[in-house]
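This is what each chain is made of:
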Amino acid sequence: MTTTLERPAGTSDAPEQGGAALSRRRELRKSLILAAGLVVSVLALLSAVTLGTAGVGLGDVLRSVQVSIFGGTISADFASTYSVITQLRLPRVLLAFTAGAALSVSGVLMQGLLRNPLVSPFTLGVSPAAAFGAALVITLAGTNQLPAWATIAGAMVMALTVSAVVLGIATARRMAVATLLLLGIAMTQIFEALTSALQFTANENTLQAIIRWTFGSVNDAVWSDVLIVGVLTLLAVPVTLFFAKDLNAIAFAGDDAARSFGVNVGPLRVGLIALAVALAAVVVSFCGIIGFVGLVGPHIARLAIGADHRHLLPFAALSGGLLLLVADAVGRTIIAPAVVPVGIVVAFIGGPVFIYLILTRRNTLK
């Protein structure tokens, strides 16, 4: 004899179906926002290439890209324009965009893993350590002409070394998140003091070189810089997306609840913070000190697409890339033909934007 379980009278599947439909609409809306952000990013990149003292139109840009990818002949009258686009403009705008994307993704990781919306990629002392490494190399070189890779290597080695020391101490001592942040602040103060000491003892030429590097700039971008920063960013985004659900558990529910969901919190936090630090260290090494992108970019993305890391991470890459791209475009045009370093411009843009977010949308900082 079989028993049939019947649904009680007056009940239906409507609430469940309504919830599923609402979830699908939300996912569709976020997918459309991501697609729109991608289209805007491509258009912004193409438009940024046309900015500058040399007369370059959008048609010239598209033609140059076509020839570079698919091959073709270049007429004599177009050769100069082709060289400007492919050797100067394209590397510059692509480095600005990929650097901004890397810093913004790094910021999302740091804010989620440390559960602090005011954390940036430089919280652990990455930026001041890189500045000290570059300043030390410049000072030791003295009047000798440095190869381009020497300053980059000095900044990167110092940033990664200090970050490894901080994370190693935090792991060995099982430090709380707040203690880790305090350790990063202490490292920041130490290396800022060391850099100031080098500046105090440097001669005029060396001091000028140190200060110029610390401004943050993409003026001397070359394709090798774009390749390294771009490949690292393209590899990092899928890796972080793979752990997006675990990030959600840590950021929204806390460590204890995340562990109850099966998340291995300790190793995940150390591994992803190390990835965030590596992203920031590489960008600082190639571009100098560029702040605010890793702090403001994630908040702009949260306003547009929400706090779910499955959507936040890719959109933060787009918002950070656009922020730095716009800052570089402003720096190139505001007092042309002089160029204002992007690190200065992004602070002028990012500061008011962040103040606006604080004053108008307090819930974004929760």
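Look up a bit, the structure's there.
Residues numbered from 1 in each chain as written. Predicted model: local features only at pLDDT ≥ 70, side-chain atom pairs only at ≥ 80, totals over all residues. Heavy atoms only, no water.

Comments concerning unusual backbone geometry
Let me state the cut-off plainly: A run of DSSP states H or I qualifies as a helix once it reaches four residues; a run of E qualifies as a strand once it reaches two. Both are numbered from the N-terminal end. The rule is simple: take the accessible area with a 1.4 Å probe, protein chains only, and divide by the maximum for that residue type; under 20% is buried, over 50% is exposed, in between is partly exposed.
A positive phi angle, near 55°, is found at Arg115, a position not held by glycine. One can find Arg115 in the loop between helix 3 (76–114) and helix 4 (126–141). Residue Arg115 is classed as partly exposed on the basis of its relative accessible area, which comes to 45%.

Focus on the layout of surface pockets
Rolled over the atoms, a probe with the dimensions of a water molecule shows which regions are left empty. Worth spelling out the cut-off: Think of a 1 Å grid over the protein atoms and nothing else: a 1.4 Å probe that fits but is trapped marks a cavity, an open set flanked by protein within 12 Å on at least five of seven lines marks a pocket, and residues with an atom within 4 Å of a point count as lining. Grid points are joined across faces, edges and corners, and a volume is the space filled by probe spheres set on the points. Each residue gets one of three labels, nonpolar for Ala, Val, Leu, Ile, Met, Phe, Trp, Tyr, Cys and Pro, charged for Asp, Glu, Lys and Arg, and polar for the others, Gly among them.
The space that makes up the second largest pocket amounts to roughly 440 Å³. Lining the second largest pocket are 17 residues, and of these Phe97, Thr98, Gly230, Thr233 and Leu234 lie nearest its centre. Secondary structure elements with two or more residues in the lining of the second largest pocket: helix 1 (14–49), helix 3, helix 8 (223–242) and helix 13 (309–333). For the lining of the second largest pocket, a count of residues per class yields 14 nonpolar, three polar and no charged.

Quick word on the environment of Val340
Threshold: In this description, contact between two residues means that some pair of their heavy atoms is separated by no more than 4.5 Å.
Mapped onto the secondary structure, Val340 falls in the loop between helix 13 and helix 14 (342–360). Owing to a relative accessible area of 17%, Val340 belongs among the buried residues under this scheme. Along the chain, Val340 and Val330 lie ten residues apart, while their C-alpha atoms are 8.2 Å from each other. With residues up to four places along the chain from it excluded, the contact list for Val340 reads Gly331, Ile334, Ile335 and Val345.

Considering the packing of aromatic side chains
Let me state the cut-off plainly: Each Phe, Tyr or Trp ring, with Trp reduced to its six-membered ring, pairs with another whose centre is within 6.5 Å; inter-plane angles below 30 degrees give stacked pairs, above 60 give edge-to-face pairs, and intermediate values give tilted ones.
Within the structure shown, the criterion is met by two aromatic pairs. When the ring of Phe132 is compared with that of Phe191, the centres are 5.7 Å apart and the planes differ by 55°; the resulting orientation is tilted. Of the two residues, Phe132 sits in helix 4 while Phe191 sits in helix 6 (residues 177–201), which places them 59 residues apart along the sequence. For Phe132, a relative accessible area of 12% translates into the label buried. Classification of Phe191 by relative accessible area gives buried; the value is 9%. For the ring pair Phe242 and Phe243, a centre distance of 5.1 Å and an interplane angle of 90° mean the geometry is edge-to-face.

Section: the nonpolar core
Going by this rule: To form a nonpolar core, buried Ala, Val, Leu, Ile, Met, Phe, Trp, Tyr and Cys residues must be joined to one another through side-chain atoms within 4.5 Å.
Residues Leu109, Leu124, Trp213, Ile273, Cys287 and Ile290 are the most contacted members of the largest nonpolar core, which totals 97 residues. Excluding residues that lie within four positions of it along the chain, Cys287 makes contacts with Leu95, Ala99, Gly216, Ser217 and Val218.

What to know about the side chain of Thr86
The following threshold applies: For the purposes of these results, a polar contact is taken to be a pair of N or O atoms within 3.5 Å, where, inside protein, one atom must be able to donate a hydrogen and its partner to accept one; residues adjacent in sequence count only when each atom of the pair is a side-chain atom.
For Thr86, the position within the fold is in helix 3. Looking at Thr86, its side chain comes within polar contact range of the main-chain oxygen of Tyr82, at 2.7 Å. If sequence neighbours within four positions are ignored, Thr86 has contacts with Ser64, Ser68, Pro91 and Trp223.

Points about the packing of helix 9 (residues 244–253) against helix 13
To keep things clear, this is the line we draw: To define axes, lines are fitted to C-alpha atoms, for helices over the stretch in contact only, and angles between the resulting N-to-C directions are given on a 0 to 180 degree scale. Working rule for angles: under 35 degrees goes down as roughly parallel, over 145 as roughly antiparallel, 65 to 115 as roughly perpendicular, anything else as oblique.
Look at helix 9 against helix 13: their axes get within 8 Å of each other, and the N-to-C directions meet at 105°. The angle between helix 9 and helix 13 places the two elements in the roughly perpendicular class. Of the residues in helix 13, those in contact with Ala244, Lys245, Leu247, Asn248, Ala251 and Phe252 of helix 9 are His309, Arg310 and Leu313. Residues that form the contact of helix 9 with helix 13 fall into these classes: five nonpolar, two polar and two charged.

Looking at the environment of Ala258
Structurally, Ala258 can be placed in helix 10 (residues 255–260). On the basis of relative accessible area, Ala258 is assigned to the buried category, the value being 0%. Sequence-distant contacts of Ala258, defined by excluding residues within four places in its chain, comprise Ala249, Ile250, Val263 and Val265.

What about a positive patch on the surface?
Note the following rule: Any residue with relative accessible area above 30% and no salt bridge may belong to a patch, with like charges joined within 9 Å and the nonpolar Val, Leu, Ile, Met, Phe, Trp and Tyr side chains within 5 Å. Here the accessible surface of atoms and residues is derived via Shrake-Rupley with a 1.4 Å probe, and residues count as covered only by protein chains that are part of the display. One side-chain nitrogen of Lys or Arg within 4 Å of one carboxyl oxygen of Asp or Glu is enough to make a salt bridge. His residues and chain termini do not enter the charge count, which takes Lys and Arg as positive and Asp and Glu as negative. Where a charge sits is defined by one atom per residue type, namely NZ (Lys), CZ (Arg), CG (Asp) or CD (Glu).
Together, Arg24, Arg25, Arg26 and Arg29 make up a region of like positive charge exposed at the surface. Assignment of secondary structure puts Arg25 in helix 1. Arg25 gets classed as exposed once you look at its relative accessible area, which sits at 51%.

Considering the pattern of salt bridges
On inspection of all chains with the given rule, the structure shows five salt bridges. Salt-bridge contacts for Arg92 lead to Asp328; the nearest nitrogen and oxygen are separated by 2.9 Å. Here Asp328 lies in helix 13 and Arg92 lies in helix 3, a separation of 236 residues in the sequence. Residue classification places Arg92 among the buried positions, given a relative accessible area of 9%. Given a relative accessible area of 1%, Asp328 falls into the buried group. Its salt-bridge partner being Asp256, residue Arg259 comes within 3.3 Å of it at the nearest N-O pair. Residue Arg259 and its partner Asp256 are located together in helix 10, separated by three residues, close to a single helical turn. Note on Arg259: relative accessible area 46%, which makes it partly exposed. Of the residues examined, Asp256 reaches a relative accessible area of 63% and is grouped as exposed. Within this structure, Arg92, Asp328 and Arg332 form a network of salt bridges that share partners.

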